[in-house]
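Structure at a glance
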Amino acid sequence: MTHHPPSALLSAALTAAERGWHVFPLRPGTKRPALHGETACPHTGPCAGGHRKWEDRATTDPDRIRAAWSRAPFNVGIATGPSGLLVIDLDVPKDKSSTDAPDGATAFAALCERTGQAVPRTRTVRTASGGQHLYFTAPAAVRLHNTAGTLAPLVDTRAWGGYIVAAGSLVDGTPYETVGPALLRPLPAWLKTLLVPPHPVNRPHATAPAAGRHRPYIAAALARETDAVAAAREGQRNATLLRAGRALGRFVASGDLPRTVVENALQGAGESAGLPAAECRATLRSALDWSISRNQPREGVAA
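All of these numbers come straight from a predicted model, not from anything done at the bench.

**Examining the pattern of salt bridges**
The full count for this structure, using the stated rule, is nine salt bridges. Across the salt bridge formed by Asp-63 and Arg-66, the nearest N and O atoms sit 3.7 Å from each other. Residue Asp-63 and its partner Arg-66 are located together in helix H3 (residues 62–69), separated by three residues, close to a single helical turn. Owing to a relative accessible area of 56%, Asp-63 belongs among the exposed residues under this scheme. Overall, Arg-66 belongs to the partly exposed group, its relative accessible area being 43%. The salt bridge partner of Asp-289 is Arg-259, with a shortest N-O separation of 2.9 Å. Of this pair, Asp-289 sits in helix H9 (residues 277–293) while Arg-259 sits in helix H8 (residues 259–272); the two residues are 30 residues apart in sequence, bridging distant segments of the chain. Taken together, the shared-partner salt bridges connect Asp-91, Asp-156, Arg-158, Glu-271 and Arg-281 into one network.

**Some words on the environment of Val-23**
By secondary structure assignment, the location of Val-23 is in strand S1 (residues 23–26). Placed 54 residues apart in sequence, Val-23 and Gly-77 show a C-alpha to C-alpha distance of 5.4 Å.

**Remarks on the sheet that holds strand S8 (residues 163–165)**
Here three strands make up an open sheet; going across it, the order is S1-S2-S8 and the pairing antiparallel. At either end of the open sheet lies a strand with only one pairing partner, and these are S1 and S8. Between one strand axis and the next, the sheet turns by 35 degrees as a mean value, whatever way the strands run. Sheet topology note: the strand S2 (residues 75–79)/S8 ladder contains three bridges and is antiparallel. From the neighbouring strand, Ala-79 faces S8, where its bridge partner is Tyr-163. With respect to the sheet, H3 is in contact with S1 and S2, its orientation differing from that of S1 by roughly 5 degrees.

**A short note on the confidence of the model for the protein chain**
Looking at the protein chain, pLDDT values average 84 and 87% of them are 70 or higher. Here residues 199–214 is a poorly scored stretch, pLDDT under 50, and it has eight contacts once near neighbours within four places are set aside; other chains count. Contacts for the low-pLDDT stretch residues 298–303, under 50 throughout, to residues beyond four places or in other chains number 10 contacts.

**Remarks on helix H7 (residues 237–253)**
With 17 residues, H7 extends 24 Å between its outermost C-alpha atoms, agreeing within 8% with the 24 Å of an ideal straight helix rising 1.5 Å per residue. Bending of H7 peaks at approximately 25 degrees at the position of Ala-247. Within the sequence span of H7, burial applies to Arg-237, Thr-240, Leu-241, Ala-244, Gly-245, Ala-247, Leu-248, Gly-249, Phe-251, Val-252 and Ala-253.

**A few points about the packing of aromatic side chains**
Summed over the entire model, instances satisfying the criterion amount to five aromatic pairs. Judged by centre distance (5.3 Å) and plane angle (80 degrees), the rings of Phe-24 and Tyr-163 are edge-to-face. With Phe-24 in strand S1 and Tyr-163 in strand S8, the pair connects residues that are 139 residues apart, well separated along the chain. Among the residues examined, Tyr-163 registers a relative accessible area of 11% and is labelled buried. Here Trp-69 and Phe-74 contribute two aromatic rings whose centre-to-centre distance is 6.4 Å and whose plane-to-plane angle is 90 degrees, an arrangement assigned as edge-to-face. In this pair, the class of Trp-69 matches that of Phe-74, namely buried. Taken together, the aromatic side chains of Phe-24, Trp-54 and Tyr-163 make up a single cluster linked through ring pairs. Above the ring of Trp-160, the side-chain terminus of Arg-143 is found at 3.7 Å from the ring centroid. If you follow Arg-246 out to its NZ or CZ, it ends over the ring of Trp-290, 4.0 Å from the centre.

**Some thoughts on the layout of surface pockets**
Its boundaries defined by the atoms lining it, the second largest pocket holds a volume of some 820 Å³. As for the second largest pocket, its lining consists of 36 residues, and the residues nearest its centre are Lys-31, Ser-129, Tyr-176, Pro-276 and Ala-277. Looking at the lining of the second largest pocket, its residues break down into 14 nonpolar, 12 polar and 10 charged.

**A word on the side chain of Arg-281**
Take Arg-281: it is sitting in helix H9. Residue classification places Arg-281 among the buried positions, given a relative accessible area of 10%. Discounting residues that sit within four places of it in the chain, Arg-281 has contacts with Asp-91, Ala-148, Leu-154, Asp-156 and Gln-267.

**Comments concerning the packing of H7 against H9**
At their nearest, the axes of H7 and H9 sit 7 Å apart, and the two run at 40 degrees to each other. Considering their axes alone, H7 and H9 lie oblique with respect to each other. Seen along the crossing, H7 lies across H9 with a hand that is right-handed. Together, Asn-238, Leu-241, Leu-242, Gly-245, Arg-246, Gly-249, Arg-250, Val-252 and Ala-253 of H7 and Glu-279, Cys-280, Thr-283, Leu-284, Ala-287, Leu-288, Trp-290, Ser-291 and Ile-292 of H9 make up the contact between the two elements. Across the contact of H7 with H9, the residue classes break down as 10 nonpolar, five polar and three charged.

Cut-off values and rules
Residues numbered from 1 in each chain as written. Predicted model: local features only at pLDDT ≥ 70, side-chain atom pairs only at ≥ 80, totals over all residues. Heavy atoms only, no water. Salt bridge = Lys/Arg side-chain N within 4 Å of Asp/Glu carboxyl O. Helix = DSSP H or I, 4+ residues; strand = E, 2+ residues; numbered from the N terminus. Buried < 20%, exposed > 50% of the residue type's maximum accessible area, 1.4 Å probe, protein only. Pairing = 2+ DSSP bridges. Axes fitted to C-alpha atoms, helices over the stretch in contact; angles between N-to-C directions. Contact = heavy atoms within 4.5 Å. pLDDT = per-residue confidence, 0-100. Expected span 1.5 Å × (residues − 1). Bend = angle between axes of the 7 residues up to and from the residue. Phe/Tyr/Trp six-rings, centres within 6.5 Å; stacked < 30°, edge-to-face > 60°. Lys NZ or Arg CZ within 6 Å of the ring centre and 35° of its normal. 1 Å grid on protein atoms, 1.4 Å probe; cavity = no way out; pocket = protein on both sides within 12 Å on 5 of 7 lines; lining within 4 Å. Points joined across faces, edges and corners; volume = space filled by probe spheres on them. Nonpolar A, V, L, I, M, F, W, Y, C, P; charged D, E, K, R; others polar. Parallel < 35°, antiparallel > 145°, perpendicular 65-115°, else oblique. Left-handed = near helix turned anticlockwise from the far one by under 90°.

This is how it looks when you write it as structure tokens:
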């Protein structure tokens, strides 16, 4: 396996930071954060006031970056939310035995054609798996979060709660490289419209008190399950994600939580724990379908 010299990876981190992008180290040769998780937090240094996740610890400070990358040949992660980025991840099928299976780029091009739009030209990075990352500046007026398959199959987005592997990093012996346009452009308005979460549907008056009574418990359950997935250790990550999806699926069935909210929260947590995006999607789909099919909607709540 080929390795970048530490100086090249340090240069990639500093170059990203010079653009105002907040970076943090990823384990050498992988896409997994190199920072400690909540369960192993020493509560010292940056975490003296409480555990700080990778999104909080990502930085543009060149001195901190040099200090971190002097320790090991870390790959470079970019925290998309703090960096003001919205990145569209055009993935490739996990099963590479079928050469005619459509990939994310094909699905995205079809979406553009259906909506009468040209495929946007913006800064593009080719990933180690052969996919593409399309970089956009995120709209300032709305706080966008990660999505998984919302736009089209194998088309995900990374914003708040997400990160991407920066150009210059090396995963499984293959580099992430800038290809095509290098100019960063704003997120097109038509894509913003598709990504902004819809306003909550007004519930019938008779069901509002019940929803209000349960809201704190539901929010706590969502936070608890998301944290459990993000902190899961290797060998337990997929099972933890499956349990979390099944536990939260009953709130989707009852109409208390939109499915997309659960999917986006657990997808981001699963990926931050080190699970591949496609594996997260498949596990979540199975878990939520299973749970929803076994939980009947509450009476009086629209399905």
